[in-house]
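Here is how the chains run, residue by residue.
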Amino acid sequence: MDYKTDVQVRNISKEELMEKYCFQEQFMESCRLCPYYDRRWSCPPGLPDALCYLEHFSSAYLIAVKVAYSDEIRNKVTSAEEAEYVRQESYEVVKRKLLLALLELEKMIPAGKSLGAGRCILCEHCTREEGKPCRYPQRRRYSITGFGFDFTGILKDLFGITLLWSTKGLPEYDVAVAAFFT
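So, a few notes on the structure that sits alongside this text. Every value quoted in this text rests on a predicted model; they were computed, and no experiment measured them. (Residues numbered from 1 in each chain as written. Predicted model: local features only at pLDDT ≥ 70, side-chain atom pairs only at ≥ 80, totals over all residues. Heavy atoms only, no water.)

**Some thoughts on helix α5 (residues 80-89)**
At step 1: For α5, the set of buried residues is Ala-83, Val-86 and Arg-87. Down the axis of α5, the sector holding all buried residues measures 100 degrees, keeping them to one side. Exposed and oriented more than 90 degrees from the buried face of α5 are Glu-81 and Tyr-85.
At step 2: If you follow the buried residues of α5, they end up packed against β2 (59-69), α4 (71-76), α6 (91-108) and β4 (173-181). (Buried < 20%, exposed > 50% of the residue type's maximum accessible area, 1.4 Å probe, protein only. Helix = DSSP H or I, 4+ residues; strand = E, 2+ residues; numbered from the N terminus. Arc of directions from axis to C-beta. Contact = heavy atoms within 4.5 Å.)

Next up, the structure:
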């Protein structure tokens, strides 16, 4: 797969992050429209309140990984189905590596806790759809967007990245954002 990644990290106080970028009620409608709503244990409904979940932390390291697609691959992709295939082979792989790296970081810094970039991707099929408990509750991390963080605002203000959309084909890039709280 022909793509490049660019990783950026920004540190922000938890207080500033919560004040400027956490709007759980405002972004819940976006979550309801997501195909993973009520289908993944990392996604709403049923997530804890962000402020309560993060109350013991004072700082957040936000990690943005831009997955940039080559012009060649973008020119070949002309349908939503083809774009989804390319994302599965690139963007989703990058998100999984990011989550696994954050879980390793938690082992080195046991007082830290991660929020994932979107839905949990530890399992190919989530047991929530079957009404069963999570297979890996100790490794599952909640979605940063599921907690109501303003993904677009964080990208724009802290990373200088504009979120791109494409109704068919691929945008120039996709971006995953995760967090590590200390």
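**Regarding the pairing of β4**
At step 1: The buried fraction of β4 amounts to nine of the nine residues, a majority that puts the element mostly inside the structure.
At step 2: Residues Tyr-173, Val-175, Val-177, Ala-179 and Phe-181 of β4 are buried on one face, and the alternating residues Asp-174, Ala-176, Ala-178 and Phe-180, pointing to the opposite face, are buried as well.

**Examining the state of the cysteines**
At step 1: Counting across every chain of the model gives zero disulfides.
At step 2: Just so you know, Cys-43 is unpaired, no disulfide at all, and the nearest cysteine sulfur is the one on Cys-34, 5.9 Å from it.
At step 3: The class for Cys-43 is buried, based on a relative accessible area of 8%.
At step 4: Lacking any disulfide linkage, Cys-120 is separated from the closest cysteine sulfur, that of Cys-123, by 6.3 Å.
At step 5: On the basis of relative accessible area, Cys-120 is assigned to the buried category, the value being 15%. (Disulfide = S-S within 2.5 Å.)

**Thoughts on the packing of α5 against α6**
At step 1: At a minimum axis distance of 3 Å, the contact between α5 and α6 shows a crossing angle of 30 degrees. Here α5 is positioned roughly parallel relative to α6, judged by the angle of their axes. For the pair α5 and α6, the contacting residues are Val-86, Arg-87, Gln-88 and Glu-89 in the first and Tyr-91, Glu-92 and Val-93 in the second.
At step 2: Tallied by class, the residues present in the contact of α5 with α6 amount to three nonpolar, one polar and three charged. (Axes fitted to C-alpha atoms, helices over the stretch in contact; angles between N-to-C directions. Parallel < 35°, antiparallel > 145°, perpendicular 65-115°, else oblique. Nonpolar A, V, L, I, M, F, W, Y, C, P; charged D, E, K, R; others polar.)

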